[in-house]
Amino acid sequence: SERLAATGVASLYFDRRRTPFGEAPEVRAYFAARPRLHAIVDFSCYTGAAARDVATFLLEAKVHVDWYIYISSDSIYEVCSPKAHPEKPTEEGVDDHRPPSLQVQAELNAADPYAHGKLEAEEVLRELQPGSSWSYVFLRIPDVVGPRDTSFRLWLYQILVKLQPWTQVPVP
């Protein structure tokens, strides 16, 4: 945090589970001292409600933000309609929409609540963007390996790599 401050970058650590964003004294003080920001990089938003909480505060407090950079996930595609053109690269506005059937949406959301929450947050930021000062960027990061990863993907991949000579299963 001191290294960032030396470069002119300010950071705010806030636990969203503790209190609503705009009601926290440290949040109000932070933005009162910084009514104009070049960018917000949101690493910890997992639901539409959390995104709405932050975005609504920024709008009501009249905080000018040039860029809202939301760290999303490529998991959002798990709750979207299948790609219309699988041979083409994924495009925002084309491949990141929920299926038209509410029943299918509910089934996909139940199967992957994490992806549902991340996409819901993107939807909220898109919805509120026209009345805001910010442009947005959604960084849809692929699977991350770390202490909170409970998928065992890395270990399963390692097993596939080790067994590949005997299974003949192509491993990318």
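Because the structure is predicted, anything quoted here is derived from the model rather than measured.

### Topic: the packing of helix 3 (residues 48-60) against helix 5 (residues 113-128)
Between helix 3 and helix 5, the least distance of the axes is 7 Å, while the angle of their chain directions is 25°. On the basis of their axis angle, the class for helix 3 and helix 5 is roughly parallel. Crossing of helix 3 against helix 5: the hand is right-handed. In this structure, helix 3 uses Gly 48, Ala 49, Ala 51, Arg 52, Ala 55, Thr 56 and Leu 59 to contact helix 5, whose residues at the interface are Gly 117, Glu 120, Ala 121, Val 124, Leu 125, Glu 127 and Leu 128. Residue classes in the contact of helix 3 with helix 5 are distributed as eight nonpolar, three polar and three charged.

### Some points on the packing of aromatic side chains
Under the criterion given, the structure shown has nine aromatic pairs. Ring geometry for Tyr 70 versus Phe 138: centroids 6.1 Å apart, planes at 90°, classification edge-to-face. On the criterion of sequence distance, the pair formed by Tyr 70 in strand 2 (residues 64-73) and Phe 138 in strand 3 (residues 135-141) is long-range, its members being 68 residues apart. The class for Phe 138 is buried, based on a relative accessible area of 12%. Through a chain of ring-to-ring contacts, the aromatic side chains of Phe 14, Phe 21, Tyr 30, Phe 31 and Phe 57 assemble into a single cluster. Lying across the ring of Tyr 30, Arg 34 places its NZ or CZ 4.1 Å from the centre.

### A look at the environment of Ala 49
Turning to its location among the elements, Ala 49 is positioned in helix 3. By relative accessible area, Ala 49 is classed as exposed at 58%. Along the sequence, Ala 49 and Gly 117 sit 68 residues apart, while their C-alpha atoms lie 8.8 Å from each other.

Quick notes on the rules
Residues numbered from 1 in each chain as written. Predicted model: local features only at pLDDT ≥ 70, side-chain atom pairs only at ≥ 80, totals over all residues. Heavy atoms only, no water. Axes fitted to C-alpha atoms, helices over the stretch in contact; angles between N-to-C directions. Helix = DSSP H or I, 4+ residues; strand = E, 2+ residues; numbered from the N terminus. Parallel < 35°, antiparallel > 145°, perpendicular 65-115°, else oblique. Left-handed = near helix turned anticlockwise from the far one by under 90°. Contact = heavy atoms within 4.5 Å. Nonpolar A, V, L, I, M, F, W, Y, C, P; charged D, E, K, R; others polar. Phe/Tyr/Trp six-rings, centres within 6.5 Å; stacked < 30°, edge-to-face > 60°. Buried < 20%, exposed > 50% of the residue type's maximum accessible area, 1.4 Å probe, protein only. Lys NZ or Arg CZ within 6 Å of the ring centre and 35° of its normal.

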